[in-house]
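Working through the structure, step by step
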Amino acid sequence: MATDLGELLVPYMPTIRVPRTGDRVFKSECAFSYDSPESEGGLYVCINSFLGFGREHVERHYHKTGQSVYMHLKRHVKEKATGAAGGAIPRRRNGKVFLDLELNRDFNGVDYEYEDEAKLVIFPDHFEIPLPNIEELPALVSIACDAVLNASSPYKKQEADSWEEEIQVSRHARSLRQQENGVRIPPSGWKCAKCEMRENLWLNLTDGSVLCGKWFFDGSGGNGHALEHYKETNFPLAVKLNTITPDGADIYSFDEEEAVLDPDISEHLLHFGIDMLQMPKTENGHHTDNHVQPRVSDWEGIQESSVKLKPVYGSGYTGIKNLGNSCYLSTTMQVLFSIPEFQRAYVGNLQRIFDYSPLDPTQDFSTQMAKLGHGLLSGQYSKPPVKSELIEQVMKEEYKQQQRGISPKMFKALVSKGHPEFSSNRQQDAHEFFLHLINLVERNNSGSENPSDVFRFLVEERVMCCQTQKVRYTQRVDYLMQLPVPLEAASNREELIAYESKRKEAEENMRPPPEPVRARIPFTACLQAFTEPENVPDFWSSALQAKSAGVKTSRFASFPEYMVVQIKKFTFGVDWVPKKLDVSVDVPDFLDLNRLRATGLQAGEAELPDLTPPIVIPENTRDSTTNNSLESPELDESSVMQLAEMGFPLEACRKAVYYTGNMGAEMAFNWIIAHMEEPDFAEPLAIPTYMEPDLPGPSFPTISALGNQPPEESISILTSMGFPRHHTIQALKATNNNLERALDWIFTHPDCEDESEAMSDTTDTELNNNSFSNANAHSDSSLSPDQDLSSPRVRDGPGRYELFAFISHMGSSTMSGHYVCHIKKEGRWLIYNDHKVCLSERPPKDLGYMYFYRRLSSC
């Protein structure tokens, strides 16, 4: 038999691999669905790529790759037998549980036992070899099988204590000398001292400078001014703002080039007016509300825990398991996949997305979005218990709602990859995650329908110089409306004043404080505060050629199909402690914003001259550009320097910024990666002779506008494979003439072939005004009629809306607490609270954080 098995596996031996260090073994979850070893069909793990597939998807992988050998894993969950004394008798068929898995079922480990089964399956004949079978299998196969069975989950992280042991005390901590310069850090309003960045800010512990950190590949981060400051001053330690708690903070040593500990961090922060002992406490590095909880009524009201809620099952009623502070992700995705455009883009195109997914679908955004959408909408993972189970539970008087939901581990790992906050296990802001996800949708959209179009709108900003009364109108793209909360407009102001008086009196007399009073803010007051003019800090008047007082007002230049309204409840107290405003806002079911429609330049208004403030270029930057041609292009030097600091040749960085139209460091980085192998990669930038010399660099709409027809040899290579000429030209232009990427583009854009057949080669060489986003390359009848092709893609219409969903937050800070969402489906409100989905009895619309409106069709 051993000889027979050896001979049977000989043809497949070259494809069988032993997992190496760094290989991820997906043995707990299918790449295309939420099937697991506990599912009815079990899970098939490829013994080459180590990807997992459910029974429904393993054939697709076999036909796509030709890989024939899979390990089939199956976990049987059984209720334990009960002995005469009433105790559970542990029994397992194989004597042990040998799959290192985290259970997908919410079974009590005391009452249930698990029996694991593994076998090799050879496709296409489905020949099965039971495991373990060490004596009869070739040594390589046995080693590979053993390594897969013992591999850790790709999502499993080290224990918190082991991370703490790796971080050492900085050698500068004890001897740090802080300057007596009178610097006091305010509790809010921070920005980098050298640029306008307001995120990823670091406080230097020597002189109190607030500067931005490094740029990240996902577009977040900063301009590296904190590192520059260290190079200029040698002040070694900095602490990241927004990470300060009584348990510590994120501290970095520029000299030691690693995260460090500072035993005296409390004293060092107090030097700049920050009392870290008053910050929200944490547990194991995760922000929690175990020490400072809001009133119980907040939790009861938002979760509707004071009433018995009826669970619902079926399509669209699947919950999402909480992975530990992941409710911000769950609530956002539940709302997004209740929108038809997101359903069509991902679930409606499910088979096409899966068929054209890359070899590693776990790293493909569209695949994982389609997987999540199908998991939520199919009803496959939201089935009610059968009658026999209900009767048995009732007889045992232990009936529980067995809603299990789906576990978004693979999705979270992908969308948070490279992000300093979302990749952590800390609680995050649902508003920030919503914008992060919309950014990912934009960047990964490859079809004619971009679902994020439904949120995009244009804001018209009117800035007026107070001294000359001259104005400037500009437009910017936005995806949500942020409403301030004017506490002075509270309708129960007298009640609030009386409460504050009682609270102070109780504090002076050492008595318990009175029952808190929540401020009731009219929604109309929030809307009025949004429309009020605001001062423009550091306003430079082009009419005066100097800094002056300026005010700005904002109006809607277009109205989106779906309007997202965020109530700005979070702020910082004077004691530097982040807090949440305890307010109730009477948010309406119907919203009319038509009166906020932008009007543009009015008769009698004089425009500010179209001049820019003088820019002071550092000497070292100016010297680095003197060797360029006299017709030196206009470049974003900050992006150039960011790329150069990463180790790329300076001239290559300049070319990357130039050929991506000054669209930022991330775009330029992608250009560098795509052109690193070219022989002239580091050659000096030469401006094409066909360009107009006075054409400003930043206005270049696309990459394709800067290049000629793709190389004929590249076109010939692709056409020799049988692809149409016009299709290959499109692919090469979309991928900067990279053959490998162009080939992948052709396979992932089959629809473009049909759309392009009517075009001639001459048409193919014309400029495509949206090369950075293929989603914008198609017309849409809902676009604004006056919209230029190179302008942002918006869907304008009337500004009357109806509320259909809202996300609520419980807790004292965005870094702690819990999120739930309420969604209106089929005329009834439902509450989505992690894995539980129930009919809502009293939706707390006045306590929400983010509100989602859809345009009224009857407008």
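Residues numbered from 1 in each chain as written. Predicted model: local features only at pLDDT ≥ 70, side-chain atom pairs only at ≥ 80, totals over all residues. Heavy atoms only, no water.

1. Quick word on the confidence of the model for the protein chain
For the protein chain, the mean per-residue pLDDT works out to 79, and 75% of the residues sit at or above 70. Confidence drops under a pLDDT of 50 for residues 82-96, and excluding neighbours within four residues, the segment shows 22 contacts in the predicted structure. (pLDDT = per-residue confidence, 0-100. Contact = heavy atoms within 4.5 Å.)

2. Focus on unusual backbone geometry
Following Phe-123, the chain continues to Pro-124 via a peptide bond in cis, the omega torsion being 5°. Residue position: Pro-124 is located in the loop between strand 6 (112-122) and strand 7 (127-131). For Phe-50, which is not a glycine, the phi torsion comes out positive at approximately 65°. Summarising the element assignment, Phe-50 is placed in the loop between strand 1 (43-46) and strand 2 (52-54). Taking the relative accessible area as the measure of exposure, Phe-50 reaches 0% and is therefore buried. Within the chain, Glu-257 stands out as a residue other than glycine whose phi angle is a positive 55°. (Helix = DSSP H or I, 4+ residues; strand = E, 2+ residues; numbered from the N terminus. Buried < 20%, exposed > 50% of the residue type's maximum accessible area, 1.4 Å probe, protein only.)

3. Let's talk about the sheet that holds strand 17 (residues 471-478)
Here we have 4 strands laid out as an open sheet, ordered 17-16-23-20, and antiparallel in their pairing. Every interior strand has two partners, whereas the edge strands, strand 17 and strand 20 (534-535), have only one. Two strands pair when backbone bridges link them, and strand 20 and strand 23 (residues 550-556) are joined in this way by 2 bridges, in the antiparallel orientation. By the bridge assignment for strand 23, Asn-535 is matched with Val-551. (Pairing = 2+ DSSP bridges.)

4. What about the packing of helix 18 (residues 637-645) against helix 19 (residues 650-659)?
Contact geometry of helix 18 with helix 19 gives a least axis separation of 9 Å together with a crossing angle of 135°. The angle between helix 18 and helix 19 places the two elements in the oblique class. In the packing of helix 18 onto helix 19, the handedness of the crossing is right-handed. Contact with helix 18, carried on its side by Ser-639, Val-640, Leu-643 and Ala-644, involves Leu-650, Cys-653, Arg-654 and Val-657 of helix 19 and no other residues of that element. Its residues placed into classes, the contact of helix 18 with helix 19 shows 6 nonpolar, 1 polar and 1 charged. (Axes fitted to C-alpha atoms, helices over the stretch in contact; angles between N-to-C directions. Parallel < 35°, antiparallel > 145°, perpendicular 65-115°, else oblique. Left-handed = near helix turned anticlockwise from the far one by under 90°. Nonpolar A, V, L, I, M, F, W, Y, C, P; charged D, E, K, R; others polar.)

5. As for the pairing of strand 31 (residues 828-833)
With 5 of 6 residues buried, strand 31 lies mostly within the body of the structure. Sheet analysis places strand 30 (residues 818-825) next to strand 31, joined by 5 bridges and oriented antiparallel. What sits directly across from His-822, in strand 31, is Ile-831. As defined by bridge partners, strand 31 adjoins strand 32 (residues 836-839) across 4 bridges and the pair is classed as antiparallel. Within strand 32, the residue paired with Leu-830 across the bridge is Leu-839. Taking the residues that link successive antiparallel strands as the turn, the strand 31-strand 32 hairpin has 2 residues, and the phi of Asp-834 there is positive, at about 55°.

6. Examining empty space enclosed by the protein
This structure, assessed with the given rule, holds 4 cavities of 30 Å³ or more. One number sums up the size of the largest cavity: a volume of about 60 Å³. Looking at the largest cavity, the residues that line it are Phe-32, Arg-60, His-61, Lys-64, Thr-65, Phe-354, Ser-357, Pro-358, Leu-359 and Pro-361. Among the elements that take part in the lining of the largest cavity, helix 2 (residues 58-65) stands out by supplying 4 residues, more than any other. For the lining of the largest cavity, the class distribution of residues is 5 nonpolar, 3 polar and 2 charged. (1 Å grid on protein atoms, 1.4 Å probe; cavity = no way out; pocket = protein on both sides within 12 Å on 5 of 7 lines; lining within 4 Å. Points joined across faces, edges and corners; volume = space filled by probe spheres on them.)

7. Focus on the environment of Glu-56
Mapping Glu-56 onto the fold places it in the loop between strand 2 and helix 2. Glu-56 sits in the exposed class, given a relative accessible area of 54%. Distance in space between the C-alpha atoms of Glu-56 and Cys-30 is 9.8 Å, their sequence separation being 26 residues.

8. Some details on the sheet that holds strand 12 (residues 251-253)
Ordered in space as 8-13-12-11-9-10, the 6 strands form an open sheet in which the pairing is mixed. Of all strands in the sheet, those with a lone pairing partner are strand 8 (168-169) and strand 10 (210-212), marking the two edges. The pairing of strand 11 (residues 237-240) with strand 12 spans 3 bridges and is classified as antiparallel. The residue of strand 12 that forms the bridge with Leu-237 is Ser-253.

9. Details of the packing of helix 9 (residues 340-347) against helix 11 (residues 365-377)
Two elements in contact, helix 9 and helix 11, have axes whose closest approach is 8 Å; the angle formed by their N-to-C orientations is 115°. Regarding helix 9 and helix 11, the two cross each other, and that crossing is left-handed. Across the interface between the two elements, Phe-342, Gln-343, Tyr-346 and Val-347 of helix 9 pack against Phe-365, Ser-366, Met-369, Ala-370, Gly-373, His-374 and Leu-377 of helix 11. Along the lines of polarity and charge, the residues of the contact of helix 9 with helix 11 split into 7 nonpolar, 4 polar and no charged.

10. What to know about helix 5 (residues 225-233)
All of the buried residues in helix 5 are His-225, Ala-226, His-229 and Tyr-230. For helix 5, the arc enclosing every buried residue in end-on projection is 150°, short of the 170-degree limit, so these residues lie on one face. Projecting away from the buried face of helix 5 at angles above 90 degrees are the exposed residues Lys-231 and Glu-232. Those residues of helix 5 hidden inside the fold are in contact with strand 9 (201-204) and strand 10. (Arc of directions from axis to C-beta.)

11. Let's talk about the packing of aromatic side chains
Here the structure, examined in full by the defined rule, presents 27 aromatic pairs. Ring geometry for Tyr-230 against Phe-254: centres 5.6 Å apart, planes inclined by 20°, an arrangement best described as stacked. You can see Tyr-230 sitting in helix 5 and its partner Phe-254 sitting in the loop between strand 12 and strand 13 (258-261), a full 24 residues away along the chain. Accessibility classification places Tyr-230 together with Phe-254 in one group, the buried group. A centroid spacing of 5.5 Å and a plane angle of 80° characterise the contact between Tyr-328 and Phe-433, whose relative ring orientation is edge-to-face. Within this pair, whereas Tyr-328 is found in helix 8 (residues 327-336), its partner Phe-433 is found in helix 14 (residues 430-444), the two being separated by 105 residues in sequence. One exposure class covers both Tyr-328 and Phe-433, and it is buried. (Phe/Tyr/Trp six-rings, centres within 6.5 Å; stacked < 30°, edge-to-face > 60°.)

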